[in-house]
Amino acid sequence: ERASKVPPDSYMMKYTGRIRETVLGYGDNQVKIGGEEVLPFHGFEGSMPNKPLIAMEVPDIKPEEWPESLTRHFEDVLENPLAWAQKCINDYKAEAISLSLGSTDPNGMNRPASEAARDAAQVINSIDIPIIVWGCGNSERDTESLREITAQIGDKKVCLAPLEDTNYKSLGATAMAFQYPLVASSPIDVNLAKQLNILLENLGVSLDTVLMDPSIGALGYGIEYTYSVMERIRLAALTQEDEKLQNSMVCNLGVQVWKAKECKLPTDDMMGDMERRGVMIEAITAVCMLLAGGDVLIMRHPRAINLTKSLIKGLLN
Amino acid sequence: MALTGIQILKMLPKTNCGECGIPTCLAFAMKVAAGQMEVEKCPYASDEAKETIGEASAPPIRTVRLGAGESAFTMGGEICLFRHEKRFENPAGLAVLVSTDMSDENIDGRLERFKTLRYERVGVMMRAQLIAVKDTGGDKEKFTALVKGVLESTGDASLILISDKVENLKEGAELCGDRKPLLYGVTAENSDDMVSIANETGCPLGIKGINLDDTVTISEKLQEKGFKDIVIDTGARTPRASFEDSVVVRSSAIKAKYKPLGFPTITFPCEMTDDPLMEAMVASVLIAKYAGIVVLSDLQGDTLFPLLLEQLNLFTDPQRPMVQKEDLYNINGPGEDSPVLVTCNFSLTYFIVSGEIEGSKVPSWLIVKDTEGLSVLTAWAAGKFGADLIAQFIKKSGIEEKVKHRDLIIPGYLASMKGELEEELPEWNIIIGPREAGHIPAFLKEWQPSE
Ligand code: B12
Ligand code: SF4
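Computed from a prediction, not measured in an experiment: that's the story for all the values here.

### Details of the site of ligand 1
In the neighbourhood of ligand 1, 34 residues make up the surrounding shell, with B:Thr343, B:Thr349, B:Gly373, B:Ser375 and B:Glu436 lying closest. Among the chains of the assembly, those with residues near ligand 1 are chains A and B. A:Asp189 has a polar side-chain atom sitting 3.4 Å from an oxygen atom of ligand 1. Going through the elements one at a time, strand 14 (340-344), helix 12 (347-360), helix 13 (376-381) and strand 16 (407-410) of chain B are the ones with two or more residues in the shell around ligand 1. Per element, the largest residue contribution to the shell around ligand 1 is five residues, and it comes from helix 13 of chain B. Each residue belonging to the shell around ligand 1 can be placed in one class, and the counts come to 23 nonpolar, eight polar and three charged.

### Examining the sheet that holds strand 7 (residues 158-162) of chain B
Residues and elements named next belong to chain B. Within the open sheet, the eight strands sit side by side as 10-9-8-7-6-3-12-11. Their pairing is parallel. Edge positions in the sheet fall to strand 10 (230-233) and strand 11 (266-267), since each of these pairs with one other strand and no more. When strand 6 (residues 130-134) meets strand 7, the two strands line up parallel, connected through five bridges. Note on strand 7: the bridge partner recorded for leucine 130 is serine 158. Helix 6 (residues 166-176) rests against strand 7 and strand 8 (182-186) of the sheet, and its axis sits at about 165° to strand 7.

### Digging into helix 10 (residues 276-288) of chain B
All names here are of chain B. Taking 1.5 Å as the rise per residue, helix 10 with 13 residues should run 18 Å; its terminal C-alpha atoms sit 19 Å apart, in good agreement. Among all positions of helix 10, only Leu277, Met278, Glu279, Ala280, Met281, Val282, Ala283, Ser284, Val285, Leu286, Ile287 and Ala288 are buried. Where helix 10 starts, the residue carrying a side-chain oxygen 2.9 Å from the main-chain nitrogen of leucine 277 turns out to be aspartate 275. Following helix 10 by one or two positions, tyrosine 290 has its phi on the positive side, about 85°.

### So, the interface of chain A and chain B
With 56 residues of chain A at the interface, the matching set in chain B holds 60 residues. For the pair chain A and chain B, the number of links is five salt bridges. For the interface between chain A and chain B, the tally reads 17 residue pairs in polar contact (both at pLDDT 80 or more). Here the residues of the side of chain A that touches chain B are counted per class, giving 29 nonpolar, 13 polar and 14 charged.

### Concerning the pattern of salt bridges
Applying the stated criterion to the full structure yields 49 salt bridges over all chains. Here A:Lys244 makes a salt bridge to A:Glu201, at a shortest N to O gap of 2.8 Å. Of this pair, A:Lys244 sits in the loop between helix 8 (223-239) and strand 9 (249-252) while A:Glu201 sits in helix 7 (residues 190-203), and the two are 43 residues apart along the sequence. A relative accessible area of 23% means that A:Lys244 is categorised as partly exposed. Judged by relative accessible area, A:Glu201 falls into the partly exposed class, the value being 30%. Between B:Asp298 and B:Arg110 there is a salt bridge, with the nearest N and O atoms lying 3.7 Å from each other. Taken together, the positions of B:Asp298 in the loop between strand 12 (293-296) and helix 11 (301-314) and B:Arg110 in helix 4 (residues 104-116) put the pair 188 residues apart, joining distant regions of the chain. Residue B:Arg110 is classed as buried on the basis of its relative accessible area, which comes to 12%.

### Some details on unusual backbone geometry
The omega torsion of the bond from A:Ala161 to A:Pro162 falls at -15°, within 30 degrees of zero and hence cis. Relative to the helices and strands, A:Pro162 is located in strand 6 (residues 159-163). Of note, the amide linkage connecting B:Tyr184 to B:Gly185 takes the cis form, showing an omega dihedral of 10°. Phi angles above zero are rare outside glycine, and A:Phe41 is one such case at about 65°. Take A:Phe41: it is sitting in the loop between strand 2 (31-34) and strand 3 (53-59). Among the residues examined, A:Phe41 registers a relative accessible area of 1% and is labelled buried. Positive phi, close to 45°, is recorded for B:Lys257, a residue that is not glycine.

So, how was this worked out
- Residue positions are given per chain, counted from 1 along the sequence in the order it is written.
- Lettering for chains starts from A, numbering for ligands starts from 1, and both go in the order in which the items are written.
- For this predicted model, a pLDDT threshold of at least 70 governs which residues receive local features, and a threshold of 80 or more governs which side-chain atom pairs are given and counted, while totals over whole chains, interfaces and linings are taken from all residues.
- Excluded from the side-chain calculation are hydrogens and water; included are all heavy atoms of the structure.
- A cutoff of 4 Å decides nearness: a residue is near a molecule or strand if any of its heavy atoms lies inside that distance of it.
- We call two N or O atoms a polar contact when they sit within 3.5 Å, provided that within protein one can donate a hydrogen and the other can accept it, with sequence-adjacent residues counted only if both atoms are side-chain atoms.
- For helices the rule is a DSSP run of H or I covering at least 4 residues; for strands it is a run of E covering at least 2, with both sets numbered from the N terminus onward.
- Under the grouping applied here, Gly and all other residues not named as nonpolar or charged are polar, the nonpolar ones being Ala, Val, Leu, Ile, Met, Phe, Trp, Tyr, Cys and Pro and the charged ones Asp, Glu, Lys and Arg.
- Whether two strands pair depends on DSSP finding at least two bridges between them.
- By definition in these notes, contact holds between two residues if any of their heavy atoms fall within 4.5 Å.
- Angles shown run from 0 to 180 degrees and are taken between the N-to-C directions of axes, each axis being a line fitted to C-alpha atoms and, for helices, limited to the stretch in contact.
- To estimate the expected span of a helix, subtract one from its residue number and multiply by 1.5 Å.
- For each residue, the accessible area found with a 1.4 Å probe, counting protein chains only, is set against the maximum for its type, and the residue is called buried under 20%, exposed over 50%, and partly exposed in between.
- We count a salt bridge whenever a side-chain nitrogen from Lys or Arg sits within 4 Å of a carboxyl oxygen from Asp or Glu.

Remember, this is a structural readout, not a statement about activity or role.
This is the structure we're talking about:
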């Protein structure tokens, strides 16, 4: 240690809790997340056994709103989610995939759940690394499509997302039956996050399989709210023995970041290079989420992901 | 430990003269106790009272000021570890490095970008505030020439002077005069000389520690001499060490009032990597986790802008939402045929939406409804942006006298409210606008009043 003179009592936190460990993936490709005994990257106080995981987002339809600075890295696979997922794994060394079912959004393309599920199952059945399937956010439609998917993937295990207070019962039951991990989503609120976990537990779901999505605001678009709610959740879990909050947190941040206008403005002298700017907005959003307690980050740009991975390495050393 | 308002009141004259700017001594005492005002503002408090109260109410991280006037920069004054506990007081300052071994072109480029890379957002001017001037070879003339050049070309930069030579720092400090720079760095060897220069010139000192232990030793030395305007560098030059040191410094000061580390810090991501993007990543860690100053090797819009956003966001006061006044705003000089849009009064939303309308050059009316500073969907979910409330405000806003048509453009995210609004406002046509503000210009250019 570099600090023998500073009395350890003066800076060490008093921890009384530990984050649950959750397993993602299947067979030989399981990855553990969570398990922290200390605040993020506080290696001088105790252990953070599993490093944060980054999942690459794969949309199930050709994305219309992604800027060219992002799509150019997926040029040849934009219309084919399976090829896209494989490219993430082979070219970008993805450690996990988050397949987003944007095509099923009733306010968008409104593709029938059965169709979307068939394509999603094909992706899931063809790749080995851990997969999260992320619905469109409409709770009825998500119930339909996520259940349909589970019927088509045999014993493969996926992580279901997002479960909200409106559909946790049906999807919770599905997750339990197949022993899938799941993501419980609540709108930036410590109490709502806790309550959803309690509801899931009452249903019979083991909290060891539950990840929390606190809802993400991007850099410049409400990140401070997410940041503070995550810090409060993590402090409650580690220092206030709040067992119902001792879960890993998932941050679906790519989708929020790349909506921002600043990621799409062209290159100029003031705002610098368009692509680097977008990369940094995504990567710095990721840094904030990591520092606040994010265990799984869902991201888009390969360069932003690499920077984030290097930083994680640098902080864990 | 902190004093209560009543304890402070006992040490004040209790004449309620109001010269502190607060009508009564009691109210003033309460503000001092809450850390919102300094006892110095009362001209009649005795020196002894000032000393006692100042000492007791001083934040665990000392407030240190550089520069003066438009180049003033305040750091430290922090009272918590997590922003939700109260708030972060003074945003981490971003500095750009110029050094005597850089070419003129490199120096001028940095100074130019320091001056031009400024961004207005929610009414705040975001910018790098400091320039670190580094003496690499020890050549006094070169160094003072560089300091002069920086002073002349940038009026609103706070300066950090970096040299191993006490003599050079002394001359540099004298050149700066009122624009008191941070003098860096104090080591175990030169601390006597550095303190005397600091006392002569009134400049704060930056400790250049080798590690935390060394930093503590130097800090104790300075404090023995009664010197307190200190900024510390714990010597860490890897992401992990700088993060951990930063956390240890802030925690020990806040939780245990550990005096030797009760000062703001200066950090050097510019010395931790050669990759500018990785440098920005490390900087982003340090902005969130407690740095007072973050020194960057260069400024470029694509990395600076995201760092400034982070700084702006994390340092906003969580207890005070940023709000825009409820009102009917005219943008680009609208008339009776101009479009009418409605939004919430979260200042970020207002800023984005009004910016887009302005950029479109289409003359427009923008109705800003008080939603207690909540964004469109948050306000809607919280019941503060319902159809009835919007309708009430439309009627009282006076818009009905300003335009001939009856088209009301609502945010795309509120599409589901169309029916309800039509019931509440039977004379109006409810038009669903785009979801993202970025699409407003194209939408407005197409827009025509119905019938
Ligand atoms: C930060 C945040 C909060 C913050 C508040 C921040 C604030 N000042 O509003 C906090 C933590 C307090 C909060 C609380 C809640 N929140 Co909230 N929150 C968010 C979050 C993450 C970001 C919101 C934001 O700042 N957006 C940025 C601003 C600029 O966006 P905006 O106002 O919509 O403006 C954009 C567009 O609408 C458009 N636009 C705006 N005006 C206009 C006008 C016209 C004419 C047009 C054409 C376009 C247009 O332009 C802007 C830029 O594109 C969102 C999720 C997300 N990522 O979006 C959830 C979200 C909005 N919250 C939600 C909820 C449910 C809540 C709560 C009700 C939860 C609860 N039960 O406690 C509370 C309610 C608050 C209360 N009771 O006090 C839900 C809303 C769900 C829904 N569809 O109704 C969301 C979507 C999260 C979710 N997925 O569940 N929240
Ligand atoms: S200036 Fe001093 S004496 Fe006068 S009201 Fe304020 S606190 Fe009281």
